Amino acid sequence: MSERLQTLDVDRGEDRVVVELHRPEARNAINGRMIEELHQVCAEIESAPRPLLLTGHGTVFAGGADIAELRARGREEALAGINSRLFERLHRLRAPTVAAVDGFALGGGAELAYACDIRIATPTAVFAQPEPGLGIIAGAGACWRLRELVGVSVAKQVLLGGYQLDADAALRHGLVAEVVSSEGLRERAHALLDRMAGSSPQALRLTKAVVDADGPHPLADDLTQAVLFESADKHERMSRFLERNKR
């Protein structure tokens, strides 16, 4: 089922939700309305978990946050974490999330991609944090999430030095899983979601929960595995595997 919202195109399937950021007049910049609509999508996936694919309309992922709105924001809006609360909610979705990045992912657009579990990019992809040039910090996760993704040195080069990560650099530093052509981006992203759809949804959700937990958690591994070992899905999948290997 497809739905056209004011700033998003949403395509819902049984095993995935595909969201296209759609503000072509503003290079898909993230404004307050887009934040509200992305919260709606998160609420939907929270109630019926399935993988999410985020992409941008045209040849831009997201050209940052809406600068006119940012200029009007003050202390109270900053403390409310308008963008950061959404990105953290996205990051904490129980089902896997994928960002398919074509062209610029700047400022808040880059932070939106960082919040996803996996990123795929095209050769024209560029990740950058121009916020200090506008008198602010990258305050929606980049200052700590980018460090976790690419390491302190590279994060400081981007956040302090104004360096951009093009597709090759993003791949080299592990920010993206692969670089594919613009024409093949969505097909490749859907192939990744197809692989996810072939896995146990419960196993994926619990794997993500353990990976995202702070620090090493042997007990969490054991408890999670205990739940999965008792599931009918695990028994059926392993039985199919053993039957195939008999042939």
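Residues numbered from 1 in each chain as written. Predicted model: local features only at pLDDT ≥ 70, side-chain atom pairs only at ≥ 80, totals over all residues. Heavy atoms only, no water.

Visitor: Help me out: how do you make sense of the sheet that holds strand β6 (residues 104–106) in this one?
Guide: One key point about sheets: their strands pair by backbone hydrogen bonds, in either a parallel or an antiparallel sense. In space, the three strands of this open sheet follow the order β6-β8-β9, with mixed pairing throughout. The strands lining the two open edges of the sheet, one partner per strand, are β6 and β9 (165–166). Here β6 runs beside strand β8 (residues 126–128); their pairing, made up of three bridges, is parallel. What sits directly across from A105, in β8, is F127. (Pairing = 2+ DSSP bridges. Helix = DSSP H or I, 4+ residues; strand = E, 2+ residues; numbered from the N terminus.)

Visitor: How do you make sense of the side chain of E37 when you look at a structure like this?
Guide: On the secondary structure map, E37 appears in helix α1 (residues 32–47). Residue classification places E37 among the buried positions, given a relative accessible area of 0%. Side-chain polar atoms of E37 contact the backbone nitrogen of L8, separated by 3.4 Å. Discounting residues that sit within four places of it in the chain, E37 has contacts with L5, Q6, T7 and L8. (Buried < 20%, exposed > 50% of the residue type's maximum accessible area, 1.4 Å probe, protein only. Polar contact = N/O pair within 3.5 Å; in protein donor to acceptor, adjacent residues only side chain to side chain. Contact = heavy atoms within 4.5 Å.)

Visitor: What am I meant to see in the pairing of strand β3 (residues 17–21) here?
Guide: With five of its five residues buried, β3 lies for the most part within the structure. Neither face of β3 is exposed, since V17, V19 and L21 on one face and V18 and E20 on the opposite face are all buried. Strand direction decides the pairing type here: strand β2 (residues 8–12) and β3, joined by five bridges, are antiparallel. Looking across to β3, one finds that D11 is bridged to V18. One ladder, built from five bridges, connects β3 with strand β4 (residues 52–56); its direction is parallel.

Visitor: Would you mind showing me how to read the packing of aromatic side chains here?
Guide: Each aromatic ring pair is described using two quantities: the centre-to-centre distance and the angle formed by the ring planes. All chains considered together, the criterion is met by one aromatic pair. Aromatic pair Y114 and F127: ring centres 6.4 Å apart, planes at 25°, arrangement stacked. With a gap of 13 residues between them, Y114 in helix α5 (residues 108–114) and F127 in strand β8 connect regions that are remote in the sequence. The same class applies to Y114 as to F127, namely buried. (Phe/Tyr/Trp six-rings, centres within 6.5 Å; stacked < 30°, edge-to-face > 60°.)

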